Amino acid sequence: MLTTFERQLFHQFLMVNAIYLCVILGLFTVIDLFDNVDDFVNHTEGGMLQIALAVGSYYGHVGLFIFDSAAIPMISMSGLTVLLLLKRRGQLKPFLSAGIPTYRVLAPALLLGAGVMVGLKMVNREVFLGNAVHHLHAQRGSSADTLQIIAPRYDHASQILIDGWAVFPESNRVEQAAFVLPPEIAGQDMVCLKAAQAEFYPKQGKRPSGWLLRSADPPLSEIPLTDLGKTFVLRSKQEENIFVVSDVTPDLIYKAKESSGFLSTPQLIDRINSPAIDNNTARDLEFNFHVRLIEPFLTGLMICIAIPVILQKESRGMIVNAGECGFWLFTIIGSTYAVRFLPALQVAEPVQAAWIPIFFATPLTVWMLERVET
């Protein structure tokens, strides 16, 4: 049960986080809108009310992604700010005079507040962002599905090459689709299945996930499918359509790396275990999965580092303490971005690279503990 002071500290921490979030979103909206206001005017039919609604809808969706990216730095800065306010007001002196340890006064409320913010980030990612990556690339002010150029990708379970002219991720469709079937699927020669439109359907019940090619050419009756091919290329209810079984989703054929960071955890695990995904993509997904595991622990460690640096025994002044605290916190945050390059440089495996910030922050926290004012 939190004391009155701890509840006040908890509320203050959440309020500072809310202020920082409003500032970040406000600055992004003003700067981006200043450069792109013409897009909203040109692509929105109606008067000022419709334009205002289009602006609110666009930046509301983008704000979810900004919160996901800025949450950890924002929590760190909020902890630093709250501790500086406490020191400036001298609110901690009565507790220290009574012999109550500094960590007993501050740690429960601050760690609880950090846990709430990390929980909000997790809910945002698990509920809202998993199937909404297309909003990052949506055309400002337009309600129409935004066209994206395709980067052809193999389905490594069947070796079918998925290609086309353009993908519309919001409606899960590819225009002028071209699916190249290898000899292991189509018989002695490769066959290029063409369709004016292909739609992706996720797995539902006994039906596997895959692409429905409408009015496919050549028709299924002209393709000498092998036994393996009959498991990946299926006849649809309409004879002119063909269903190609595949776990390659629309986001994988235009923004594979960018979208993986915003997938929900079940989607991430399913994609890691899917035989359709190549090894390089699977390694990136494993890295993202382990980054999610360490986020709550790393956030707690940063709070525990901020307390002794801001409230240290031999203080050289609030500005110096704040600068030192900011240096250590952003060194840790910077390490979470730096380790992303290690697997590509073959310095460490993705799982090892993801855990390096914890291995760095844990001894640093232990070293800082004795510096706190008592």
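Heads up: the structure comes first, above all this text.
Everything numeric here is computed off the predicted structure, so don't read it as measured data.

Visitor: Where do I start with the overall build of the protein in this structure?
Guide: When its secondary structure is counted, the protein shows 11 helices and nine strands. Computed over C-alpha atoms, the radius of gyration of the protein comes to 26 Å, more than 25% over the 21 Å expected from 2.2 N^0.38 for 374 residues, which places it beyond the range of a compact globule. Expressed as lengths along the three principal axes of its C-alpha atoms, the size of the protein is roughly 90 × 55 × 40 Å. Evaluated residue by residue, the protein yields a buried proportion of 48% over its 374 residues. Of the contacts made within the protein by residues no fewer than 6 positions apart, 67% connect residues no fewer than 24 positions apart. Counting only carbon and sulfur atoms, one obtains 62% of the accessible surface of the protein, whose full area is about 19000 Å².

Visitor: Mind showing me how you'd approach the pattern of salt bridges here?
Guide: Where charged atoms from two side chains of opposite charge come close, those side chains can pair. Under the definition given, this model contains 10 salt bridges. In this structure, the salt-bridge partner of Arg104 is Glu6, at a minimum N-O distance of 2.6 Å. Of this pair, Arg104 sits in helix α4 (residues 102-129) while Glu6 sits in helix α1 (residues 4-43); the two residues are 98 residues apart in sequence, bridging distant segments of the chain. A relative accessible area of 3% places Glu6 in the buried class. Put simply, Glu324 and Arg371 hold a salt bridge, and the shortest N to O gap is 3.0 Å.

Visitor: What should I look at first to understand the packing of aromatic side chains in this one?
Guide: The description of an aromatic ring pair uses the distance of the two centres, along with the angle that the planes make with each other. Tallied over the entire structure, the rule returns eight aromatic pairs. Centre to centre, the rings of Trp328 and Trp367 are 6.3 Å apart; their planes meet at 80 degrees, and the pair counts as edge-to-face. Within this pair, whereas Trp328 is found in helix α10 (residues 318-338), its partner Trp367 is found in helix α11 (residues 350-368), the two being separated by 39 residues in sequence. Of the residues examined, Trp367 reaches a relative accessible area of 54% and is grouped as exposed. Aromatic ring contacts, followed pair by pair, group Phe28, Tyr58 and Tyr59 into a single cluster. The positively charged end of Arg173 is found above the aromatic ring belonging to Phe168, 4.1 Å away from the centroid.

Visitor: Help me out: how do you make sense of unusual backbone geometry in this one?
Guide: Among all residues save glycine, negative phi is the norm, and among peptide bonds the norm is trans. Geometrically, the link from Asp217 to Pro218 is a cis peptide bond, its omega value of 5 degrees lying close to zero. One non-glycine residue, Gln159, adopts positive backbone phi at about 65 degrees. Within the secondary structure, Gln159 sits in the loop between β2 (153-155) and β3 (160-163). Within the chain, Gln176 stands out as a residue other than glycine whose phi angle is a positive 50 degrees. By secondary structure assignment, the location of Gln176 is in strand β5 (residues 173-181). With relative accessibility at 54%, the residue Gln176 sits in the exposed group.

Visitor: Mind showing me how you'd approach the packing of α1 against α4 here?
Guide: Between two packed helices, both the angle of their axes relative to each other and the distance between the axes serve to describe the pair. Where α1 contacts α4, the two axes come as close as 9 Å, and the packing angle between them is 40 degrees. Relative to α4, the element α1 lies oblique. Considering how the two elements wind past one another, α1 and α4 form a crossing that is right-handed. Taking contact as the criterion, the partners of Phe5, Glu6, Leu9, Phe10, Phe13, Leu14 and Asn17 in α1 are, on α4, Arg104, Val105, Leu106, Pro108, Ala109, Leu110, Leu112, Gly113, Ala114, Val116 and Met117. Taken together, the residues of the contact of α1 with α4 sort by class into 14 nonpolar, two polar and two charged.

Visitor: Sorry, what's going on with helix α8 (residues 265-273) here?
Guide: Side chains that are three or four residues apart share a direction in an α-helix, a result of its 3.6 residues per turn. Looking at α8, one finds that the buried residues are Leu268, Arg271 and Ile272. For α8, the angular spread of the buried residues around the axis is 100 degrees, confining them to a single face. Facing away from the buried side of α8, by more than 90 degrees, are the exposed residues Asp270 and Asn273.

Conventions used here
Residues numbered from 1 in each chain as written. Predicted model: local features only at pLDDT ≥ 70, side-chain atom pairs only at ≥ 80, totals over all residues. Heavy atoms only, no water. Helix = DSSP H or I, 4+ residues; strand = E, 2+ residues; numbered from the N terminus. Rg over C-alpha atoms; globule rule 2.2 N^0.38 Å. Buried < 20%, exposed > 50% of the residue type's maximum accessible area, 1.4 Å probe, protein only. Contact = heavy atoms within 4.5 Å. Areas by Shrake-Rupley, 256 points an atom, 1.4 Å probe, with all protein chains shown as cover. Salt bridge = Lys/Arg side-chain N within 4 Å of Asp/Glu carboxyl O. Phe/Tyr/Trp six-rings, centres within 6.5 Å; stacked < 30°, edge-to-face > 60°. Lys NZ or Arg CZ within 6 Å of the ring centre and 35° of its normal. Axes fitted to C-alpha atoms, helices over the stretch in contact; angles between N-to-C directions. Parallel < 35°, antiparallel > 145°, perpendicular 65-115°, else oblique. Left-handed = near helix turned anticlockwise from the far one by under 90°. Nonpolar A, V, L, I, M, F, W, Y, C, P; charged D, E, K, R; others polar. Arc of directions from axis to C-beta.

From the geometry alone we can't say anything about function, so treat these as descriptive.
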